[in-house]
Amino acid sequence: DFLDTPKLETYLNIYRHQYGLPPCTTANGCLRKVNEYGRQSPLPPSGVGSGDDLETVLDAAMVSAACPKCHILVVEAKTSNMGDAATAEITAKRLGAVVISNSYGLRESGGLPAAAYNHPGHTIVASSGDSGYTAANFPADLSTVTAVGGTQLSTAHNARGYSERVWNVPSAGASGSGCSAYFTKPKWQHDADCTGRTVSDVSTLAWDVALYDPDYAHGGWLTVGGTSASAPLIAGIYALAGNAAKMLPGSEYAHPKAFFDITHGNNDWFFGAGGKACQFDYMCVAKPGYDSPTGLGTPNGIRGF
């Protein structure tokens, strides 16, 4: 994450208490916060008011929601520059994080620090982006990373109790998808209409997520959205499954039945035409089986991980 979140421990534990989770503190060893070089001080400047601090609170809350007993290491980059982000990524690996979550991204281009996101023995996840069908986002476009899209839930009279569709809210954003122009298709992807790496791989909830952060809401509680919520949720599920040190990139593709297949919605955010941006192809419209906005779908437990 970027910049410092001074009250992260306090806000995280109010969130956890609300949902019946045990304390996760620096004192009990559950929570650890360091700078991008792995040191406890000096921490970066405060990000309060910038939105970066809200992002950090969201990331920690989502990891702990998915894996309540997991230890959480927060590595704070001193800026949002990709060089500092890469340094923080390498530090997370060096300090032993088995799963590394990245809730950020930018339009792919040449010269970005791809090597910082290639660490065998460590599972790396990244948000697919919040701008719908467009150019692929970095680092989600890397074949060494699990790219995570977003969905939205509604209650339903079915066995599951919910219906699920591609996250697409005109006033807020849409699950990112795209075809990489820089990275070749990995051997575990077989979709026909993108010759490069296709984003996303999997997805999970990205809308109406409850969070506690009184710096952004009177009374502390607010709802947020975006694939910034999806990536740490998937990271927590990887950790909960306990196989993250052994999972190879793309392993989820061997277990398609372990996911709820998302077959409704689209991420055509710019045209507003329900799929016109991609000519109603799977690159921006949910279809049976794999599609770019939601990948294989959303986890039905831990069996896919």
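You'll find the structure just up there.
Residues numbered from 1 in each chain as written. Predicted model: local features only at pLDDT ≥ 70, side-chain atom pairs only at ≥ 80, totals over all residues. Heavy atoms only, no water.

Draft legend 1. Spatial organisation of the overall build of the chain. A tally of helices and strands in the chain yields four helices and 17 strands. Relative to the compact-globule value of 19 Å for 305 residues, the chain shows a C-alpha radius of gyration of 18 Å, a close match. Among the 305 residues that make up the chain, the fraction classed as buried is 54%. The long-range fraction of contacts in the chain, counting pairs at least 24 apart against all pairs at least 6 apart in sequence, stands at 70%. Accessible surface for the chain amounts to roughly 13100 Å². Of this, 54% is attributable to carbon and sulfur atoms. (Helix = DSSP H or I, 4+ residues; strand = E, 2+ residues; numbered from the N terminus. Rg over C-alpha atoms; globule rule 2.2 N^0.38 Å. Buried < 20%, exposed > 50% of the residue type's maximum accessible area, 1.4 Å probe, protein only. Contact = heavy atoms within 4.5 Å. Areas by Shrake-Rupley, 256 points an atom, 1.4 Å probe, with all protein chains shown as cover.)

Draft legend 2. Broad picture of helix α4 (residues 227-241). Along its 15 residues, α4 runs 21 Å from first to last C-alpha, staying within 8% of the 21 Å computed at 1.5 Å per residue. Of all 15 residues in α4, 13 are buried, a share of seventy percent or more. Downstream of α4 by a residue or two, Gly 242 has a phi angle that is positive, lying close to 80 degrees. (Expected span 1.5 Å × (residues − 1).)

Draft legend 3. Just the nonpolar core, in detail. Formed by 50 residues in total, the largest nonpolar core has its most connected members in Met 62, Leu 211 and Ile 234. Of all elements in the fold, only α1 (8-18), α2 (52-66), β2 (72-76), β14 (209-212), β15 (221-224) and α4 reach the threshold of two or more residues within this core. Leaving out residues up to four positions away in the same chain, Met 62 has contacts with Tyr 15, Val 209, Ala 210, Ala 229, Pro 232 and Leu 233. Counting residues in hydrophobic clusters, the runner-up holds 24 residues, among them Met 82, Ala 88, Ala 97 and Ala 136. (Core = buried A, V, L, I, M, F, W, Y, C linked by side-chain atoms within 4.5 Å.)

Draft legend 4. The state of the cysteines, seen in detail. As enumerated under the stated definition, the model contains four disulfides in all. The disulfide partner of Cys 24 is Cys 30, and the gap between their sulfur atoms is 1.9 Å. On the sign convention where negative is left-handed, the bridge of Cys 24 and Cys 30, at about -85 degrees about the S-S bond, is left-handed. In this pair, the class of Cys 24 matches that of Cys 30, namely buried. Here Cys 179 is linked by a disulfide to Cys 194, with a sulfur-sulfur distance of 2.1 Å. Classification of the bridge connecting Cys 179 and Cys 194 rests on its S-S torsion, roughly 90 degrees, and on that basis the disulfide is right-handed. Taken together, the positions of Cys 179 in strand β11 (residues 173-184) and Cys 194 in the loop between β11 and β12 (196-199) put the pair 15 residues apart, joining distant regions of the chain. Using a relative accessible area of 2% as the deciding quantity, one classes Cys 194 as buried. For the chain, the disulfide bridges join cysteines in the arrangement 1-2, 3-4, 5-6, 7-8, where the cysteines are counted in sequence order. (Disulfide = S-S within 2.5 Å.)

Draft legend 5. Spotlight on helix α3 (residues 82-94). Taking 1.5 Å as the rise per residue, α3 with 13 residues should run 18 Å; its terminal C-alpha atoms sit 18 Å apart, in good agreement. Those residues of α3 lying buried are Met 82, Asp 84, Ala 85, Ala 86, Ala 88, Glu 89, Thr 91 and Ala 92. Against β1 (31-35), β2, β3 (99-102), β4 (106-107), β5 (123-127) and β7 (137-138) lie the buried residues of α3. Among the residues of α3, the N-terminal cap falls to Asn 81, whose side-chain oxygen and the backbone nitrogen of Gly 83 are separated by 2.6 Å. In the stretch just after α3, Gly 96 is the one whose phi turns positive, near 100 degrees. (Polar contact = N/O pair within 3.5 Å; in protein donor to acceptor, adjacent residues only side chain to side chain.)

Draft legend 6. View of the packing of α1 against α2. Look at α1 against α2: their axes get within 10 Å of each other, and the N-to-C directions meet at 40 degrees. Considered as vectors, α1 and α2 are oriented oblique to each other. Read as a crossing pair, α1 and α2 show a hand that is right-handed. Residues Leu 8, Tyr 11, Leu 12, Tyr 15 and Arg 16 of α1 touch α2, and the partners they reach there are Thr 56, Val 57, Ala 60, Ala 61, Met 62, Ser 64 and Ala 65. Of the residues contributing to the contact of α1 with α2, the split by class is nine nonpolar, two polar and one charged. (Axes fitted to C-alpha atoms, helices over the stretch in contact; angles between N-to-C directions. Parallel < 35°, antiparallel > 145°, perpendicular 65-115°, else oblique. Left-handed = near helix turned anticlockwise from the far one by under 90°. Nonpolar A, V, L, I, M, F, W, Y, C, P; charged D, E, K, R; others polar.)

Draft legend 7. Spotlight on the pattern of salt bridges. Per the counting criterion, the structure on display carries four salt bridges. Where Asp 4 meets Lys 33, a salt bridge forms, and the shortest distance between an N and an O atom there is 3.0 Å. Note that Asp 4 is positioned in the segment before α1 and Lys 33 in strand β1, a separation of 29 residues in sequence. As far as burial versus exposure is concerned, Asp 4 and Lys 33 are alike and both buried. A salt bridge links Glu 164 to Arg 160; its shortest N-O distance comes to 2.8 Å. On the basis of relative accessible area, Glu 164 is assigned to the buried category, the value being 11%. The exposure class of Arg 160 is partly exposed, given its relative accessible area of 34%. (Salt bridge = Lys/Arg side-chain N within 4 Å of Asp/Glu carboxyl O.)

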